[in-house]
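# Architecture and fold: a report
Listed below, chain by chain, are the residues.
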Amino acid sequence: MPLATLRVTTLRELDLGDVLAGELVVVRGGLDQLAAGRPFAHTALECVAAVASPEAGHRLTSLGLEALHTVAEVAEIRSVRDELDRRVRPAAHQLLLRFAEKVSPQRRRLYVSDHLGVRIMPPRSCVDGREGQLRDYTGFLIPTDAHVDSWFNTALNSVNLWMAVSRVRHDNGLLLWPDAYRSPLRHDGVRLVPHQQIGEPVEVELGRGDVLLFAGDHLHATRPNTGPETRWVVTKRICLGPPRYHPHATGWTPYADPRLLGTPLAPLAPLRSTLTTGRARQLLRSTRRSLPLRGRRYG
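Naming follows an unreviewed UniProt entry, where the protein chain appears as Phytanoyl-CoA dioxygenase family protein of Streptomyces ochraceiscleroticus.

## What to know about the nonpolar core
Leu16, Leu68, Phe99, Leu213 and Trp232 are the most contacted members of the largest nonpolar core, which totals 56 residues. Broken down by element, the residue count for this core peaks at 9 residues, all from helix H6 (residues 74–102). For Phe99, the residues in contact, after removing those within four places along its chain, are Leu11, Leu14, Leu16, Leu34, Leu161, Leu213 and Ile238. Val26, Ala164, Val204 and Phe214 belong to the second-largest nonpolar core, a separate cluster that totals 14 residues.

## Observations concerning the packing of helix H3 (residues 40–51) against helix H4 (residues 54–63)
When two helices pack together, their arrangement is given by the angle between the helix axes and by the axis-to-axis distance. Relative orientation of the contacting elements H3 and H4 amounts to 150°, with a least axis distance of 6 Å. Relative to H4, H3 is oriented roughly antiparallel. For the pair H3 and H4, contact is made by Leu45, Val48 and Ala49 and by Pro54, Ala56, Gly57, Leu60 and Thr61, respectively. In terms of residue class, the contact of H3 with H4 is built from 6 nonpolar, 2 polar and no charged.

## Observations concerning the packing of H3 against H6
Running from N to C, H3 and H6 point in directions that differ by 145°, and their axes come no closer than 9 Å. Considering how the two elements wind past one another, H3 and H6 form a crossing that is right-handed. Across from Phe40, Thr43, Ala44, Glu46, Cys47, Val48, Ala50 and Val51 in H3, the residues of H6 making contact are Glu76, Ser79, Val80, Glu83, Leu84, Arg87, Val88 and Leu95. Residues of the contact of H3 with H6, tallied by class, amount to 10 nonpolar, 2 polar and 4 charged.

## A word on the pattern of salt bridges
For the structure shown, the criterion picks out 18 salt bridges. A salt bridge links Glu23 to Arg7; the shortest N-O distance between them is 2.6 Å. You can see Glu23 sitting in the loop between helix H1 (16–20) and strand E2 (25–27) and its partner Arg7 sitting in strand E1 (residues 7–9), a full 16 residues away along the chain. The exposure class assigned to Arg7 is partly exposed, which follows from its relative accessible area of 29%. Ionic pairing is found between Glu83 and Arg86, a salt bridge with its closest N-O pair at 2.7 Å. Of this pair, Glu83 and Arg86 both sit in helix H6, 3 residues apart, which is roughly one turn of that helix. Here the salt bridges share partners, and the residues they tie into one network are Arg7, Asp15, Asp18, Glu23 and Arg107.

## Some thoughts on the packing of aromatic side chains
Per the stated rule, a full pass over the model turns up 1 aromatic pair. Taken together, a centroid distance of 6.3 Å and an interplanar angle of 45° make the contact between Tyr245 and Trp252 tilted. Owing to a relative accessible area of 8%, Tyr245 belongs among the buried residues under this scheme. Looking at Trp252, the relative accessible area reads 15%, which means it is buried.

## Let's talk about the environment of Val233
Locating Val233 in the fold gives a position in strand E10 (residues 231–240). In this structure, the C-alpha to C-alpha distance between Val233 and Asp85, residues 148 residues apart in sequence, is 11 Å.

Conventions used here
- Residues numbered from 1 in each chain as written.
- Predicted model: local features only at pLDDT ≥ 70, side-chain atom pairs only at ≥ 80, totals over all residues.
- Heavy atoms only, no water.
- Core = buried A, V, L, I, M, F, W, Y, C linked by side-chain atoms within 4.5 Å.
- Buried < 20%, exposed > 50% of the residue type's maximum accessible area, 1.4 Å probe, protein only.
- Helix = DSSP H or I, 4+ residues; strand = E, 2+ residues; numbered from the N terminus.
- Contact = heavy atoms within 4.5 Å.
- Axes fitted to C-alpha atoms, helices over the stretch in contact; angles between N-to-C directions.
- Parallel < 35°, antiparallel > 145°, perpendicular 65-115°, else oblique.
- Nonpolar A, V, L, I, M, F, W, Y, C, P; charged D, E, K, R; others polar.
- Left-handed = near helix turned anticlockwise from the far one by under 90°.
- Salt bridge = Lys/Arg side-chain N within 4 Å of Asp/Glu carboxyl O.
- Phe/Tyr/Trp six-rings, centres within 6.5 Å; stacked < 30°, edge-to-face > 60°.

Okay, structure coming up:
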C-alpha cells in the first residue's frame, strides 16, 4: 500500500479548515509541545514498571516502547493500557486546552472533547486467537474495521489528533481512504457495507512525538500490525465550529467551549453540544432503552 502524502506544518501555522477539507497534516514533535514537560513516553514506561515489573520497565528504557511485547504478555499489555489511560486521563483535557492556546486563530471557534483513546497495538502474532477475549478492546489492543467516526457519537466537523507515543511504521499504523472522504457510504451502523467504490487505502508513518491531524469523517481503520514492533498512540478530538451530529449516529458525545473551562461558567461549556438534535436523539434512545425495564419493574 502507498504511504499517505502528509503535509507537515507547525502548531502556529495549522489551519484546521484545511484538515476538514480533507488534508492529512502532521505536526512534528507536536505531542511533546502539548505535554507540558511531562512526556507521555515517560508515563508509559512508569506504567510498564508498575503493572508488569520494574525490570520490564528498565528493559524498555533501553529497548524502546516498541519492544513492549517482548517483556510483557498480552494480559499485562492490556493492564498497561488501562493503567496509562487512568494516569493520563486527568491531564488529557489540559492537552487540548494547550492545543487551543498554541494554534493560530481559526476561522471558527474550537470546541474540545473529553474523548481519550489509549491505543497499544502489539504485533498480530501476539493477539491472534485472542480476539474474543479482547473484543472490548477493539481499536485499543486489536484492530478496528474501516469506519467513519460520525457513524458513532462524534461530531461531523470533528478533527482527530492521532499522537504517536512510539514510532509508527507503515506496517502497524493507520489506514485511510482519501478518495472516500465525504462520500455517501453505506454502513450498518458500525461497519462499512462491502463492495463499494472507496479507492485504495494509504498508510501512515510517524516519528515518536508526531501528531497526525485528520478529519473524523475520513474513512479509516487500524492497520493490522504485521510488523515486529508494538505501536503506542493516544488520540483526542476537537471540533471546528459548533458541533454537528450525523442524523443516524449510534450515540452522542459533548464538546466543550474551552473559553469557559476553569471559570465559574464551566457548567455551560458543553451547552452548544447539548442544544442539538444529536443530543435530543440520544435522550430518545436512552428513554426507549429504559422503557422495557420499567415495564418489568412495575407491570
